[in-house]
Amino acid sequence: QVQLVESGGGSVQAGGSLRLSCAVSGRPFGTYGMGWFRQTPGKEREFVAAISWSSGYTNHANSVKGRFTISRDTAKNTLYLQMNSLKPEDAAGYYCAATRRFNIATLQDSYDYWGQGTQVTVSS
């Protein structure tokens, strides 16, 4: 099992920044893929960004490219999502996820472990 615990959510004005963190623990996950997804009520969970834990290779959704950056600190076993130039449409519950089956993945069905989520609110 892998445990994922998100933190860093909150309220911010449009144009502001937040950094989400996801503490990773449990079985060895050096070959895992990690990702961030977001979800608003009544909508499907949406891919935001993904990273290969071993190589650091990243993939970002077009909607956040140039504004959000996924990264990881292997020494701290922590996944990050730096969110800049936030827009009201970025408001959502943000979830980190881990997949043991893929080095990097964009589909939520590819992920095996999920955190409990952290809420981001963006006011205009």
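What counts, and at which threshold
- Residues numbered from 1 in each chain as written.
- Predicted model: local features only at pLDDT ≥ 70, side-chain atom pairs only at ≥ 80, totals over all residues.
- Heavy atoms only, no water.
- Helix = DSSP H or I, 4+ residues; strand = E, 2+ residues; numbered from the N terminus.
- Rg over C-alpha atoms; globule rule 2.2 N^0.38 Å.
- Buried < 20%, exposed > 50% of the residue type's maximum accessible area, 1.4 Å probe, protein only.
- Contact = heavy atoms within 4.5 Å.
- Phe/Tyr/Trp six-rings, centres within 6.5 Å; stacked < 30°, edge-to-face > 60°.
- Pairing = 2+ DSSP bridges.
- Axes fitted to C-alpha atoms, helices over the stretch in contact; angles between N-to-C directions.
- Core = buried A, V, L, I, M, F, W, Y, C linked by side-chain atoms within 4.5 Å.

Student: Help me understand the overall build of the protein, please; the structure alone is not making it clear to me.
Tutor: When helices and strands are counted, the protein shows zero helices and eleven strands. For 124 residues, the compact-globule formula gives about 14 Å, and the C-alpha radius of gyration of the protein, at 13 Å, lands near that figure. With respect to the principal axes defined by its C-alpha atoms, the protein has extents near 40 × 30 × 25 Å. A burial count over the protein gives 44% of its 124 residues as buried. In the protein, the share of contacts with a sequence separation of at least 24, taken over all contacts with a separation of at least 6, comes to 57%.

Student: Could you clarify how one ought to interpret the packing of aromatic side chains in this entry?
Tutor: Note on aromatic pairs: each is described by the distance of the centres and the angle between the planes. Within this structure, the stated rule accounts for six aromatic pairs. Between the aromatic rings of Y32 and Y113, the centroid separation amounts to 6.4 Å while the plane-to-plane angle is 5 degrees, which identifies the pairing as stacked. Here Y32, found in the loop between β3 (18–26) and β4 (33–39), pairs with Y113, found in strand β10 (residues 113–114); they are 81 residues apart in sequence, far enough to count as distant. With respect to class, Y32 is no different from Y113; both count as buried. For the ring pair F37 and Y111, a centre distance of 5.2 Å and an interplane angle of 80 degrees mean the geometry is edge-to-face. You can see F37 sitting in strand β4 and its partner Y111 sitting in the loop between β9 (92–99) and β10, a full 74 residues away along the chain. Look at Y111 and you get buried, because its relative accessible area is 5%. Joined through ring pairs, the aromatic side chains of F37, F47, Y111 and W114 make up one cluster.

Student: Explain the sheet that holds strand β7 (residues 68–73) to me, please; I cannot follow it from the model alone.
Tutor: By way of backbone hydrogen bonds, the strands of a sheet pair with one another, either parallel or antiparallel. Read from one edge to the other, the open sheet built from four strands follows the order β1-β3-β8-β7, with strand pairing classed as antiparallel. Edge positions in the open sheet fall to β1 (2–7) and β7, since each of these has one partner strand only. On average, each strand axis in the sheet is tilted by 20 degrees relative to the strand beside it, whichever way the strands run. The pairing of β3 with strand β8 (residues 78–83) spans six bridges and is classified as antiparallel. Looking at the pairing, L18 lines up with M83 of β8.

Student: Looking at this structure, how should I read the pairing of β9?
Tutor: Consecutive side chains of a regular strand alternate in pointing toward one face of the sheet and then the other. The buried fraction of β9 amounts to eight of the eight residues, a majority that puts the element mostly inside the structure. As judged from the seven bridges shared by β4 and β9, these two strands associate in the antiparallel manner. From the neighbouring strand, M34 faces β9, where its bridge partner is A98. Note that β9 and β10 share two bridges and pair antiparallel. Bridging from a neighbouring strand, A98 pairs with Y113 of β10.

Student: Whenever I open this one, the nonpolar core confuses me. Can you help?
Tutor: For soluble globular proteins, nonpolar side chains are generally found buried alongside one another. Core analysis: the largest hydrophobic core is formed by 36 residues, its most contacted members being M34, W36, L79, L81, M83 and Y94. At the level of elements, β1, β3, β4, β5 (46–52), β7, β8, β9 and β11 (118–123) are the ones that each hand at least two residues to this core.

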